[in-house]
Amino acid sequence: MLQVVRHEMYRDIADRQYVKKGGVPDDRGSIYFTTKDGNFIPAATMKVSYILYVNPKSFFTQLKAGKYVNGAGQVVTDPAVALQDLEGRITSFVQQQATSSEIVQRTEFKDLIGKPSDTYEELYKNLEESQVEQIKKMNLNFLGFVKEKKRYYPGGDLAAHVIGMVGYKGDVLAGRYGLEKQYEDNLVRKESAYTNFFADLFSGAKKMVSDKEKFEGDVYTTIEPVVQRELQKTIGRIHDKERSDTTGAIIMDPYSGEILAMAQVPTFDPGQTKKVQDISVYKNDIVQSANEMGSIIKPLTMSVGIDLGKIHADSIYKDEGFVKVKDRTMYNFDKKGRGDITMQVALSKSLNTGFVYVARLVGNDALTDYFYKFGLGEKT
């Protein structure tokens, strides 16, 4: 009869025996970097953490019965004093053992005085196993732990714009940017969000009789972590020196097309998204934004002129420092004219006048045809 009348409370207690309650996936595929030696190291994976909770009703019952002993071995019956002692002991373990976890305090200890009938109040979230073991040694049976899994990014901001992040949209937790979003259907694990021995037993049987094959897996990238870190340091220095709004770069293997590093500043730590002030930082402008072609188009233009036999390295043209095209006047980067110079000088110094000269020699139709043959306008 007690179980029927107090159904909601006992159901809640039973739920907490599971790893994770509904709405939050208990597992998700991993994303990996690839080292130069061909080894895989995790860029995004799942990490076990714990919630520390207290049963206030049990705590106050023991306090009233004179069974609460403080850190000095003395019996305490005053609720305020006991809670202050409890907070001090637990906080020392939380702070002492804290590493990379983003520990969150859920309830103030002093607020428990007004909740003598409650059976469950969360104290801290995101505790690590070492912290849990220390707190267990206190042998306080009104304290308990809930095991949960969360997304973990071991490299912090390493390749953050490539890896992306998971986040909530309403009540749905899923990949929101980068590879986390692009490969959501492969990374997400859509089985029951409850996991304990009995749930595993029956869900395993379900898998055996199911005829639905799920396309689940991990993602292995060609990002080399050492190269990636060095690129981030380099563009960070450039960003600070030039005071640009955004600075980005890619390192590609020219033979295979593999992306070894891709970085952008400002950046973010996907595991510390609460610190982000402007959500525009999540966008990877390198692959998500359309920008006018810069000087990278110049070698391609020159190659068309060479292939058609219109020019060669020692071909001469007159550089006046500017050139007029219809109603526009275009200048070299320094607005200086160099007189009669070779195409090699124009290429080496990236002179705008030289490439307008080449474009006029080959003509718009030929230039357009070659650019399409190079693959411009197509996905890489």
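Because the structure is predicted, anything quoted here is derived from the model rather than measured.

**Quick notes on the nonpolar core**
One recurring pattern in soluble globular proteins is that nonpolar side chains are buried together.
Moving on, step 1. Counting residues in hydrophobic clusters, the biggest one holds 25 residues, and the most contacted among them are Phe 59, Leu 86, Ile 90, Leu 123 and Leu 143.
Moving on, step 2. Mapped onto this core, the elements with two or more residues apiece are β2 (40-54), α3 (56-64), α4 (79-97), β4 (121-127) and α5 (129-136).
Moving on, step 3. If you tally residues by element for this core, the top one is α4, at six residues.
Moving on, step 4. In this view, Ile 90 contacts Leu 52, Phe 109, Leu 123, Tyr 124, Ile 135, Met 138 and Leu 143; residues no more than four positions away in its chain are not counted.
Moving on, step 5. Counting 21 residues, the second-largest nonpolar core is a separate cluster that includes Phe 33, Met 165, Val 166 and Val 281.

**Topic: helix α15 (residues 364-373)**
Moving on, step 1. Those residues of α15 that sit buried are Ala 366, Leu 367, Tyr 370 and Phe 371. Buried residues of α15, viewed axially, fall in a sector of 130°; they line one side. Turned more than 90 degrees from where α15 packs its buried face, Asn 364, Asp 365, Tyr 372 and Lys 373 sit exposed.
Moving on, step 2. Here the buried face of α15 lies against α12 (297-307) and α14 (352-362).
Moving on, step 3. Following α15 by one or two positions, Gly 375 has its phi on the positive side, about 100°.

**Brief notes about the pairing of strand β10 (residues 259-265)**
Moving on, step 1. Here β10 lies mainly inside the structure; five of its seven residues are buried.
Moving on, step 2. One ladder, built from six bridges, connects strand β9 (residues 247-252) with β10; its direction is antiparallel. Residue pairing for β10: Gly 248 is matched across the bridge by Gln 264.
Moving on, step 3. Two successive antiparallel strands, β9 and β10, enclose a turn made up of six residues, where Gly 257 displays a positive phi of approximately 80°.

**Details of the packing of aromatic side chains**
Moving on, step 1. All chains considered together, the criterion is met by 14 aromatic pairs.
Moving on, step 2. Taking the centre distance of 5.0 Å and the plane angle of 40° together, the rings of Tyr 177 and Tyr 282 count as tilted. Of the two residues, Tyr 177 is situated in strand β7 (residues 172-177) and Tyr 282 in the loop between β10 and α11 (285-288); the sequence distance between them amounts to 105 residues.
Moving on, step 3. For Tyr 282, a relative accessible area of 8% translates into the label buried.
Moving on, step 4. Chaining the aromatic ring pairs together yields one cluster made of Phe 59, Phe 60, Tyr 68 and Phe 142.
Moving on, step 5. When the ring centre of Tyr 152 is taken as reference, the NZ or CZ atom of Lys 47 above it lies at 4.4 Å.

**What to know about unusual backbone geometry**
Moving on, step 1. Across the junction of Val 265 and Pro 266, the peptide omega takes the value 5°, indicating a cis bond.
Moving on, step 2. Positionally, Pro 266 belongs in the loop between β10 and α11.
Moving on, step 3. One non-glycine residue, Ala 159, lies in positive phi territory at about 55°.
Moving on, step 4. Position of Ala 159 relative to the elements: it lies in the loop between β5 (143-152) and α6 (160-163).
Moving on, step 5. The phi dihedral of Arg 243 is positive, around 55°, even though this residue is not glycine.
Moving on, step 6. Tracing the backbone shows Arg 243 in the loop between α10 (225-242) and β9.
Moving on, step 7. Taking the relative accessible area as the measure of exposure, Arg 243 reaches 75% and is therefore exposed.

**Focus on the pattern of salt bridges**
Moving on, step 1. Going through the model one piece at a time under the given rule, you end up with 18 salt bridges.
Moving on, step 2. Note that Lys 47 is salt-bridged to Glu 128, the shortest N-O span being 3.5 Å. Of this pair, Lys 47 sits in strand β2 while Glu 128 is found in the loop between β4 and α5, placing the two residues 81 residues apart along the sequence. For the pair Lys 47 and Glu 128, a shared accessibility class is recorded, and that class is buried.
Moving on, step 3. With its nearest N and O atoms 2.9 Å apart, the salt bridge here joins Arg 151 to Glu 180. One end of the pair, Arg 151, is in strand β5; the other, Glu 180, is in helix α7 (residues 178-182), and 29 residues separate them in sequence. Accessibility classification places Arg 151 together with Glu 180 in one group, the buried group.
Moving on, step 4. Here the salt bridges share partners, and the residues they tie into one network are Arg 28, Arg 151, Glu 180 and Glu 184.

**A short note on α14**
Counting along an α-helix, one turn takes 3.6 residues, and residues three or four places apart therefore face a common direction.
Moving on, step 1. Taken together, the buried positions of α14 are Thr 353, Gly 354, Phe 355, Val 356, Val 358, Ala 359 and Val 362.
Moving on, step 2. Where α14 is buried, its residues meet α12, β11 (316-319), β12 (322-325), β13 (328-331), α13 (343-348) and α15.

Criteria and thresholds
By convention here, each chain's residues receive numbers from 1 onward along its written sequence. The model is predicted, so local features are restricted to residues of pLDDT at least 70 and side-chain atom pairs to those at 80 or more, both for listing and for counting; the totals for chains, interfaces and linings are taken over all residues. Heavy atoms from the whole structure form the basis of all side-chain values; hydrogens and water molecules are not counted. Only buried residues count toward a nonpolar core, which is a set of Ala, Val, Leu, Ile, Met, Phe, Trp, Tyr and Cys residues joined through side-chain atoms within 4.5 Å. Each residue is assigned to one of three classes by its accessible area relative to the maximum for its type, calculated with a 1.4 Å probe on protein chains only: buried under 20%, partly exposed between the two thresholds, exposed over 50%. Helix and strand assignments come from DSSP, with helices taken as H or I runs of at least 4 residues and strands as E runs of at least 2, each series counted from the N terminus. Whether two residues are in contact is decided by their heavy atoms: any pair within 4.5 Å suffices. The arc in question is the one spanned by the directions pointing from the helix axis to the C-beta atoms. Strand pairing is assigned whenever DSSP detects at least two bridges linking the two strands. Any Phe, Tyr or Trp ring, taking Trp's six-membered ring, that has another such ring centre within 6.5 Å forms a pair; planes under 30 degrees apart are called stacked, those over 60 apart edge-to-face, and the others tilted. Think of it as a cone above the ring: NZ of Lys or CZ of Arg counts as a charge over the ring if it is within 6 Å of the ring centre and within 35 degrees of the ring normal. The salt bridge definition used is simple: a Lys or Arg side-chain nitrogen within 4 Å of an Asp or Glu carboxyl oxygen.

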